[in-house]
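An overview of the molecular structure
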Amino acid sequence: VERGGAPTLAGFLTATGYDLEDVYRAGGWTPLLRAAAGAADGDATDDDLSRRLGRLVHVDEPARLRAYRDLIAAARAGRATGLGARERGWLHMLAFQLWHRGELRTAEDTVRELAGRPAIARELEELRAVLEERVAWSSQRYPVDGWPLALHRRYSRREIVAGVGHVRPGDKGKVPQRGILKLADQRELLFVTLDKSGTQFSPTTRYRDYAISPERFHWETPATATPTGAARRYLEPDAGWAFYLFVRERPEDAYAFVGRVRYERHAGERPIAITWRLDEPLPAALFDRFATLRPG
């Protein structure tokens, strides 16, 4: 399994039995490949970018991965390629993953930078091939107009805030750490971590969140919320707010985009326990994982 006389990433993983994550814990494929060949020290920026490509190992969206490949290949060949809104959004997401400090780069700058680094362009393509082999189901749907986020696919917080336009090119990168993010147009993102046994969760933030069924999800508000306070927006379907759910099993995981959810009922206060109805049912694989930690 070679390309141009050098082993490919997929070939290396097959031959050695290592996991993809092992490669990026070791610093990335490009420096590992160079070290195996006994070559002298390489470009420090390439090495750093190779390590940062490890931030993409959760990506399970073939269309996005192929768009990166095609756009970079076109730029390397000197071909002009128009960017649609979705492709532009995907590139903003990629830029925020790779360069999360300072101002967010434009889509054009991102393509230009990666196309100008042959080793990184090659590694990204080899990474794409490995990641596509992991995809468990093939359908890709984009339920929210203007958001390049596919239903039930996995994203980091940086990718999400860039994808929904909360961070735009020229903005200083910022990532919300709370479990909710209000957008300017009365849309709100709900970030849920199911396993709260880690030390980063205090007893007051260990809310009980879990899938009740493929169509319903149990979610608890922050501990201070009451039905007559600011949390009323969750309980009044006609108030004009739209809510979108992102769920991960553990703090180190990427979030699955569950889509829009709508109020069905609630109970209690401080926190309020809300049952959401999902616009789109969870696939069986996600439901099994998201229901694992429910009480009883």
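Residues numbered from 1 in each chain as written. Predicted model: local features only at pLDDT ≥ 70, side-chain atom pairs only at ≥ 80, totals over all residues. Heavy atoms only, no water.

1. With respect to the nonpolar core
Test applied: Buried Ala, Val, Leu, Ile, Met, Phe, Trp, Tyr and Cys residues that are joined via side-chain atoms within 4.5 Å together make up what is termed a nonpolar core. Exposure categories follow from relative accessible area, calculated using a 1.4 Å probe and restricted to protein chains: below 20% of the type maximum is buried, above 50% is exposed, and the middle band is partly exposed. Every helix listed is a DSSP run of H or I at least four residues long, and every strand listed is a run of E at least two residues long, numbered separately from the N terminus. What makes two residues a contact is simply this: any of their non-hydrogen atoms within 4.5 Å.
Ranked by size, the top nonpolar core spans 56 residues in total, and within it L9, L20, Y24, W147, L189 and F246 carry the most contacts. If you tally residues by element for this core, the top one is helix α6 (residues 85-98), at seven residues. Setting aside residues no more than four positions away along its own chain, W147 makes contact with Y142, G163, V164, L183, R187, L189, Y244 and F257. Counting 27 residues, the second largest nonpolar core, distinct from the first, contains I180, F217, A256 and L278.

2. Describing the packing of aromatic side chains
Counted only if it meets this: Pairing of aromatic side chains here covers Phe, Tyr and the six-membered ring of Trp, requires ring centres within 6.5 Å, and sorts the geometry by plane angle: under 30 degrees stacked, over 60 edge-to-face, intermediate tilted.
Summed over the entire model, instances satisfying the criterion amount to 14 aromatic pairs. With a centroid separation of 6.4 Å and 15° between ring planes, the pair formed by W241 and F243 is classed as stacked. The class for F243 is buried, based on a relative accessible area of 5%. Through pairs of rings, three or more aromatic residues link up here, namely W147, F191, Y244, F246, Y255 and F257.

3. A few points about the pairing of strand β7 (residues 216-220)
What counts, and what does not: Being paired, for any two strands, means DSSP has found at least two bridges between them.
For β7, the tally of buried residues reaches four of five residues, placing the bulk of the element in the interior. As defined by bridge partners, strand β6 (residues 210-213) adjoins β7 across three bridges and the pair is classed as antiparallel. Within β7, the residue paired with Y210 across the bridge is H218. Remark: two residues form the turn of the hairpin made by β6 and β7, two consecutive strands paired antiparallel. With five bridges joining them, β7 and strand β10 (residues 273-278) adopt antiparallel strand pairing. Bridge assignment links R216 to a residue of β10, and that residue is R277.

4. Overview of the packing of helix α5 (residues 62-76) against helix α7 (residues 107-115)
The condition is simple: For every element, the axis is a line fit to its C-alpha atoms; helices are fit only across the contacting stretch, and the angle between N-to-C directions ranges from 0 to 180 degrees. Should an angle lie under 35 degrees it is considered roughly parallel, over 145 roughly antiparallel, and from 65 to 115 roughly perpendicular; all remaining angles are considered oblique. Left-handed is the label given to a crossing in which the near helix is rotated counterclockwise from the far helix by less than a right angle, and right-handed is the label when the rotation is clockwise. Classes in brief: Ala, Val, Leu, Ile, Met, Phe, Trp, Tyr, Cys and Pro nonpolar; Asp, Glu, Lys and Arg charged; the others, Gly included, polar.
The N-to-C vectors of α5 and α7 enclose an angle of 70°; their axes lie 9 Å apart at closest approach. Considering the angle they form, α5 stands roughly perpendicular to α7. Remark: the crossing between α5 and α7 carries right-handed chirality. Side by side, α5 and α7 meet where L71, I72, A75 and R76 of the first sit next to V111, L114 and A115 of the second. Among the residues making up the contact of α5 with α7, the classes are represented as six nonpolar, no polar and one charged.

5. Digging into the side chain of R117
To be explicit about the condition: Identification of polar contacts relies on pairs of N or O atoms within 3.5 Å, with a donor-acceptor requirement for protein atoms, meaning one able to donate a hydrogen and the other able to accept it, and with residues adjacent in sequence counted only if both atoms are side-chain atoms.
Checked against the element boundaries, R117 lands in the loop between α7 and α8 (118-134). Polar side-chain contacts of R117 include one of 2.9 Å to the side chain of D46. In this view, R117 contacts D43, T45, D46 and L49; residues no more than four positions away in its chain are not counted.

6. Considerations on the pattern of salt bridges
Keep this limit in mind: When a carboxyl oxygen of Asp or Glu is within 4 Å of a side-chain nitrogen of Lys or Arg, the pair counts as a salt bridge.
With the rule as written, the count across this model stands at 29 salt bridges. Put simply, E249 and R289 hold a salt bridge, and the shortest N to O gap is 2.8 Å. With a gap of 40 residues between them, E249 in the loop between β8 (242-248) and β9 (255-267) and R289 in helix α11 (residues 284-290) connect regions that are remote in the sequence. By relative accessible area, E249 is classed as buried at 15%. Overlapping salt bridges bring together D43, D46, E113 and R117 as one network.

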